[in-house]
Amino acid sequence: KAGVTQTPRYLIKTRGQQVTLSCSPISGHRSVSWYQQTPGQGLQFLFEYFSETQRNKGNFPGRFSGRQFSNSRSEMNVSTLELGDSALYLCASSLAGTGNNSPLHFGNGTRLTVT
Amino acid sequence: AQSVTQPDIHITVSEGASLELRCNYSYGATPYLFWYVQSPGQGLQLLLKYFSGDTLVQGIKGFEAEFKRSQSSFNLRKPSVHWSDAAEYFCAVGAPIQGAQKLVFGQGTRLTINP
């Protein structure tokens, strides 16, 4: 079974631009979560989508948004990029049905550099 | 809100030696607990998880962890490390009421193996 696929692997953007990252979950997984990883702040939860609805949200500004499609694929968008948005963005999927203790399976991430 | 502390930023052990990585959490009830491992340039791989029941949990690659409620700890152990175990290890905690998708991660412990 294929793992979580994130595209692109690397991105370089300029301050003020916007960016869209894509995530394809493991087949059959209906929940997709996004995390930001930086050297200073570590791993921080952004949001989780389940059945096309945002189910959980972290403490990030509104510039960070996401969505999930009917095939469970997800995208996250960051608008008006700032230098501090440079990070590894990790997507994770899980079965997460009515029992919500299904563990996360992570992709290899998208490395975003903002210049 | 839950929190996680990994007291050791960096640990060096010799190949074949035993390993224990420490993790302390803060949460008012029994949390979901996880250990993940990350190799350079890669995403996170789940080593093991604790939801309830037996407090000694077996994981992949010969790792195990023990949940100690009285000490609010979930330390990771391996009896004999291999050079391929060199990586960064993350402990994570989730609140059952929020599910296993919204996790709080520790800052990580980087493991170096001496030949």
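What comes next concerns the included structure. (Residues numbered from 1 in each chain as written. Chains lettered and ligands numbered in written order. Predicted model: local features only at pLDDT ≥ 70, side-chain atom pairs only at ≥ 80, totals over all residues. Heavy atoms only, no water.)

**Brief notes about the packing of aromatic side chains**
This is how it is decided: Classification of ring pairs uses Phe, Tyr and Trp, with its six-membered ring standing for Trp, and accepts pairs whose centres are within 6.5 Å; under 30 degrees between planes counts as stacked, over 60 as edge-to-face, and the remaining range as tilted. Numbering of helices and strands runs from the N terminus; a helix is a DSSP stretch of H or I covering at least four residues, while a strand is a stretch of E covering at least two. Exposed residues in this analysis have more than 50% of their type's maximum accessible area, buried residues have under 20%, and partly exposed residues fall in between, with area computed by a 1.4 Å probe over protein chains only. Comment: the charge-over-ring label is applied if NZ (Lys) or CZ (Arg) is within 6 Å of the ring centre and within 35 degrees of the ring normal.
Applying the stated criterion across every chain yields a total of 16 aromatic pairs over all chains. Taken together, a centroid distance of 5.8 Å and an interplanar angle of 55 degrees make the contact between Tyr35(A) and Phe106(A) tilted. On the criterion of sequence distance, the pair formed by Tyr35(A) in strand 4 (residues 31–38) and Phe106(A) in strand 10 (residues 105–106) is long-range, its members being 71 residues apart. The burial state of Tyr35(A) is the same as that of Phe106(A); both residues are buried. Arranged with centres 5.7 Å apart and planes meeting at 50 degrees, the rings of Phe63(B) and Tyr89(B) form a pair that is tilted. Pair noted here: Phe63(B) is in the loop between strand 7 (56–58) and strand 8 (64–68) and Tyr89(B) is in strand 10 (residues 87–94), with a separation of 26 residues, a long-range link. Under the relative-accessibility criterion, Phe63(B) is labelled buried at 0%. The structure contains a cluster of three or more aromatic residues connected by ring pairs, namely Tyr35(A), Phe45(A), Phe106(A), Tyr32(B), Phe34(B), Tyr36(B), Phe51(B), Phe90(B) and Phe105(B). We note Arg55(A) situated over the ring of Phe50(A); from NZ or CZ to the ring centre the distance is 4.3 Å.

**A closer look at the state of the cysteines**
Linking two cysteines covalently via their sulfur atoms produces the bond known as a disulfide. What counts is decided by this rule: By disulfide we mean two sulfur atoms from cysteines, separated by a distance within 2.5 Å.
Scanning the entire structure with this criterion turns up two disulfides over all chains. With a sulfur-sulfur separation of 1.8 Å, Cys23(A) is cross-linked through a disulfide to Cys91(A). Handedness here is read from the sign of the S-S torsion; for Cys23(A) and Cys91(A), about -60 degrees, the answer is left-handed. Within this pair, whereas Cys23(A) is found in strand 3 (residues 19–24), its partner Cys91(A) is found in strand 9 (residues 87–94), the two being separated by 68 residues in sequence. Taking relative accessible area as the criterion, Cys23(A) reaches 0% and is therefore assigned buried. For Cys91(A), a relative accessible area of 0% translates into the label buried. With a sulfur-sulfur separation of 1.9 Å, Cys23(B) is cross-linked through a disulfide to Cys91(B).

**Observations concerning the pattern of salt bridges**
Operational definition: By definition, a salt bridge exists where a carboxyl oxygen of Asp or Glu is found within 4 Å of a side-chain nitrogen of Lys or Arg.
Throughout the structure, instances matching the rule amount to nine salt bridges over all chains. Close ionic contact of Arg77(B) with Glu66(B) constitutes a salt bridge, the shortest N to O distance being 3.4 Å. Here Glu66(B) lies in strand 8 and Arg77(B) lies in strand 9 (residues 73–78), a separation of eleven residues in the sequence. Here Glu66(B) falls in the partly exposed class, since its relative accessible area comes to 24%. Salt bridges sharing partners connect three or more residues here, namely Arg63(A), Glu82(A) and Asp85(A).

**Notes on the interface of chain B and chain A**
What counts, and what does not: The contact criterion used is simple: two residues touch if any of their non-hydrogen atoms lie within 4.5 Å. Buried surface area refers to the total accessible area, computed with a probe of radius 1.4 Å, that the two partners give up upon joining, counted for both partners together.
Each side of the interface is counted separately: chain B has 22 residues, and chain A has 26 residues. When chain B packs against chain A, close to 1,800 Å² is buried across both sides, 49% of that on carbon and sulfur atoms. Its largest share of buried area at the contact with chain A, chain B owes to Leu44(B), Gln101(B) and Lys102(B), together 34% of the area lost on that side. Summed over the shared surface of chain B and chain A, the number is zero salt bridges.

**Some points on the nonpolar core**
Going by this rule: Buried Ala, Val, Leu, Ile, Met, Phe, Trp, Tyr and Cys residues that are joined via side-chain atoms within 4.5 Å together make up what is termed a nonpolar core.
Leu19(B), Trp35(B), Leu47(B), Leu48(B), Phe74(B), Leu76(B) and Tyr89(B) are the most contacted members of the largest nonpolar core, which totals 26 residues. Residue assignment for this core shows that the elements contributing at least two residues are strand 2 (10–14), strand 3 (19–21), strand 5 (32–38), strand 6 (44–50), strand 8, strand 9, strand 10 and strand 12 (109–114) of chain B. Per-element accounting of this core gives the leading share, four residues, to strand 10 of chain B. Contacts of Leu48(B), omitting those with residues within four sequence positions, involve Leu33(B), Phe34(B), Trp35(B), Val57(B), Gln58(B), Gly59(B), Phe63(B), Glu64(B), Ala65(B), Phe74(B) and Leu76(B). Residues Val19(A), Ile26(A), Tyr49(A) and Cys91(A) belong to the second largest nonpolar core, which totals 21 residues.

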